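Structural features, examined
Below, each chain spelled out in residue letters.
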Amino acid sequence: MLDIKLIRTNPDLVKAKIQKREMNLDHVVDEILELDAQRREMTGKVEALKAEQNAESRKIPQMKKAGEDTTELMARMKSLSDQIRDENAELEKLEAAQQEKMLSLPNLPDDDVVAGGKEQNEPLHYFGEKPVFDFEPKNHVDLCESLGMIDYQRGAKLGGNGAWIYRGAGARMEWALLNFFVNEHLGDGYELILPPHMLNYECGYVAGQFPKFSDEDYWIQNPTSADRKFLLPTAETALVNLHRNEVLTNDELPRKYIAYTPCYRREAGSYRAEERGMIRGHQFNKVEMVQYTRPDQSDAAFAELVGKAERLVQELGLHYRLSKLAAGDCSFSMARTYDIEVWIPSMGIYKEVSSASNARDYQARRGNIKFRGEDKKLQFVHTLNASGLATSRLMPAIVEQYQNADGSVTVPEVLRPYMGMDVIR
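The sections below set out a description of the structure shown in this document. (Residues numbered from 1 in each chain as written. Predicted model: local features only at pLDDT ≥ 70, side-chain atom pairs only at ≥ 80, totals over all residues. Heavy atoms only, no water.)

1. Looking at the overall build of the chain
Formally: Only DSSP runs of H or I reaching four residues or more are called helices, and only runs of E reaching two or more are called strands; each is numbered from the N terminus. Exposure classes here rest on a 1.4 Å probe applied to the protein chains alone. A residue is buried below 20% of its type maximum, exposed above 50%, and partly exposed in between. Should any heavy atoms of two residues lie within 4.5 Å, those residues are counted as being in contact. Surface accessibility follows the Shrake-Rupley procedure with a 1.4 Å probe radius. Residue values consider only the protein chains on display as shielding. Only four residue types enter the charge count, namely Lys and Arg as positive and Asp and Glu as negative; His and the chain termini do not. For the purpose of locating charges, the reference atoms are NZ of Lys, CZ of Arg, CG of Asp and CD of Glu.
Scanning the chain for helices and strands turns up 14 helices and 18 strands. Referenced to the eigenvectors of the C-alpha coordinate spread, the extents of the chain come out at roughly 105 × 50 × 40 Å. Evaluated residue by residue, the chain yields a buried proportion of 49% over its 425 residues. Residue pairs in contact within the chain that sit at least 24 positions apart in sequence constitute 73% of those at least 6 positions apart. Counting every atom, the chain has about 20,000 Å² of accessible surface; 48% of that belongs to carbon and sulfur. With 55 positive and 66 negative side-chain charges, the chain shows a spacing of 3 Å between the two charge centroids.

2. Observations regarding the sheet that holds strand β11 (residues 320–324)
Test applied: Two strands form a pair only when DSSP identifies at least two bridges running between them. Every axis corresponds to a line fitted to the C-alpha atoms, with the helix fit spanning only the stretch in contact, and the corresponding angles, defined between N-to-C directions, vary from 0 to 180 degrees.
Here 8 strands make up an open sheet; going across it, the order is β1-β11-β12-β13-β16-β10-β9-β4 and the pairing mixed. Looking along the sheet, the strands with just one partner apiece sit at the ends: β1 (122–127) and β4 (191–193). Direction aside, the axes of adjacent strands within the sheet are offset by 25° on average. Bridge count between strand β13 (residues 349–358) and strand β16 (residues 382–390): 3 bridges; the pairing is antiparallel. Each residue of the ladder has a partner; that of Ala356, found in β16, is Ala386. Along the sheet, helix α13 (residues 394–401) makes contact with β12 (336–344), β13 and β16, crossing β12 at roughly 35°.

3. Notes on the sheet that holds strand β8 (residues 247–249)
Sheet strands associate in pairs through backbone hydrogen bonding, adopting either a parallel or an antiparallel arrangement. Strand order in the open sheet formed by 3 strands is β8-β14-β15, and the pairing between neighbours is mixed. Each having just a single partner strand, β8 and β15 (378–380) make up the two edges of the open sheet. Averaged over all pairs of adjacent strands, the angle between strand axes in this sheet comes to 35°, irrespective of strand direction.

4. Topic: helix α7 (residues 152–159)
Applied cut-off: Between N or O atoms, a polar contact is any pair within 3.5 Å; within protein, one atom must be a potential hydrogen donor and the other a potential acceptor, and residues adjacent in sequence are included only when both atoms are from side chains.
At the N-terminal end of α7, a side-chain oxygen is found 3.4 Å from the backbone nitrogen of Gln153, two or three residues along, and the residue is Asp151. Among the residues trailing α7, Gly160 stands out with phi positive, at a value near 85°.

5. Some words on the packing of helix α8 (residues 169–187) against α13
Heads up, the rule is: Angles below 35 degrees are treated as roughly parallel, those above 145 as roughly antiparallel, those between 65 and 115 as roughly perpendicular, and all remaining angles as oblique. Here a crossing is taken to be left-handed if its near helix is turned anticlockwise relative to the far helix by less than a right angle, and right-handed if that turn runs clockwise. Gly is placed with the polar residues, together with every amino acid not listed as nonpolar (Ala, Val, Leu, Ile, Met, Phe, Trp, Tyr, Cys and Pro) or charged (Asp, Glu, Lys and Arg).
Between α8 and α13, the shortest axis-to-axis distance is 11 Å and the interhelical angle comes to 115°. Here α13 runs roughly perpendicular to α8, going by the angle between their axes. Of the two elements, α8 crosses α13, and the hand of that crossing is right-handed. Contacts between α8 and α13 involve Gly170, Met173, Glu174, Leu177 and Phe181 from the first element and Leu394, Met395 and Ile398 from the second. In terms of residue class, the contact of α8 with α13 is made up of 6 nonpolar, 1 polar and 1 charged.

6. So, the packing of aromatic side chains
The condition that has to hold: Any two rings among Phe, Tyr and Trp, with Trp reduced to its six-membered ring, count as a pair given centres within 6.5 Å; such a pair is stacked if its planes are under 30 degrees apart, edge-to-face if over 60, and tilted if neither. Criterion for a charge above a ring: Arg CZ or Lys NZ at most 6 Å from the ring centre, at most 35 degrees from the ring normal.
Tallied over the entire structure, the rule returns 15 aromatic pairs. Feature note: the residues Tyr201, Phe210, Trp219 and Phe230 constitute an aromatic cluster, connected by ring pairs. Stacked on the ring of Phe302, the Lys or Arg Arg336 has its end atom at 5.4 Å from the ring centre. In this arrangement the basic side chain of Arg366 is found over the ring face of Tyr205, its NZ or CZ atom lying 5.2 Å from the centre.

7. Brief notes about helix α11 (residues 298–315)
Because each turn of an α-helix spans 3.6 residues, side chains separated by three or four positions in sequence point in the same direction. To keep things clear, this is the line we draw: Working rule for helices: expected span equals 1.5 Å times residues minus one.
Taking 1.5 Å of rise per residue, 18 residues should cover 26 Å, and α11 covers 26 Å from first to last C-alpha, within 8% of that figure. Every buried residue belonging to α11 is among Ser298, Ala301, Phe302, Leu305, Val306, Lys308, Ala309, Glu310, Leu312 and Val313, and all of these are buried. Directly after α11, the chain includes Gly317, whose backbone phi takes a positive value near 75°.

8. Here's the deal with the pairing of strand β10 (residues 283–293)
In terms of burial, β10 is largely enclosed, as 10 of its 11 residues are buried. In terms of strand pairing, strand β9 (residues 255–264) meets β10 through 10 bridges, oriented antiparallel. The residue bridging Cys263 from the neighbouring strand is Phe284, located in β10. When β10 meets β16, the two strands line up antiparallel, connected through 7 bridges. Note that in β16 the partner of Thr293 across the bridge is His382.

9. Overview of the nonpolar core
Here is the rule: Remark: nonpolar core denotes a set of buried residues (Ala, Val, Leu, Ile, Met, Phe, Trp, Tyr, Cys) joined through side-chain atoms within 4.5 Å.
The biggest cluster of nonpolar side chains holds 55 residues, and the ones touching the most others in it are Met149, Met173, Phe181, Leu318, Val342, Leu415 and Ile424. Counting residues per element, this core draws most heavily on α8, which supplies 8 residues. Each residue touching Leu318, except ones within four places of it in the same chain, is listed here: Phe127, Val313, Val342, Leu394, Ala397, Ile398, Gln401 and Tyr402. Counting 18 residues, the second largest nonpolar core, distinct from the first, contains Ile7, Val14, Leu103 and Tyr205.

10. Focus on the side chain of Gln297
Mapped onto the elements, Gln297 comes out in the loop between β10 and α11. Apart from the residues within four sequence positions on either side, Gln297 is in contact with Leu253 and Pro254.

11. Observations regarding a nonpolar patch on the surface
We apply this condition: Patches in this entry comprise residues that are over 30% relatively accessible and not in a salt bridge; like charges within 9 Å are linked, as are nonpolar side chains (Val, Leu, Ile, Met, Phe, Trp, Tyr) within 5 Å. Basic side-chain nitrogens of Lys or Arg form a salt bridge, by our definition, when they fall within 4 Å of a carboxyl oxygen of Asp or Glu.
Residues Leu186, Leu192 and Leu194 make up a contiguous nonpolar surface patch of about 280 Å² in total accessible area. Checked against the element boundaries, Leu192 lands in strand β4.

12. What about the pattern of salt bridges?
In the structure shown here, the tally under the stated rule is 32 salt bridges. The closest approach of N and O atoms between Asp188 and Lys308, which form a salt bridge, is 2.7 Å. Here Lys308 lies in helix α11 and Asp188 lies in the loop between α8 and β4, a separation of 120 residues in the sequence. The exposure class of Lys308 is buried, given its relative accessible area of 5%. When salt bridges that share partners are traced, they join Asp110, Asp112, Asp299, Lys324, Arg336 and Arg360 into one network.

Spelled out as structure tokens, the structure:
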């Protein structure tokens, strides 16, 4: 959520930054300002009435002690009470209307984030070279099926389109990747969290997914109660809620967490040729990194998260590029995002395996997550996240980039201790 003080003092800046996202919400900003003015006026009116009520109520004991008739004053007190009740009801309506409008505004992109959609994304650098084969290479679907690593048909039988089954060396490679990632993060001082997969509405609200994107998640209704939860689309949704409605101390920051979870997404679904196999699915595995920092630590934390995600792909020996997303391609809650995109040879395109993002104080305002600085003043923390990493596109990249002429796949060196094999045949 944006700072209402910023909207009041510099609405033109807010409008201009939102327009960088290719969104025109000028009318919403204007409506927020109008509601805010009405709300502040109504608040002042209610406070004045309460002050009058308090002043008048103090007269009653004195009048009774003096034997004076309080009938008229008591009638005035009832009138004030009714008026305050009615004005408070109107104030609550104004506050709810303003809150609804505020929730419709996305985070403001950082100053250096360029305007436009994904066509304006900027590749910052590349790692390694595109693999060159002296034989006719196979695509990851054929490789995984021929090596018994993935069973797509039985996956679809169990879960429908967008589902698959890891088996044999494929299951072992998936587990090896997850263990490798977790061990690397633990070595860097991150705390491992295994959160619930079914979350309450507040989690989606704080993360910035709700109410705007509530239809993109899987919802679970308890048939015996009104309890309704959603399946987490990413562990970030849980991790950024760990300290909801808490005040952290200055010394507690930064807080660094990782979590392994499956991720559940309803948005998967076009199943075009470029999204075959494991490229896009309704469920996939991911290790997520999240940091809570002071504002002055925020940029350094972002660089750390990007560096950590890059290091994992580098240690796997995969060719990739790092891209800085334009404002329109950054997610709703994020002020900046860098994507790590691996090369998929059979498709001739790069596919994202990690997004590193900085929400600044946007999520913290929604979750009321603050810290008390050295000056003893309360401030909102900054929240950041990065995939470290998602596996469903890594395995296609690995099997395609590491394939051999005889149809086998060489196991990346860092995974061999976990898999107990050098080559998958």
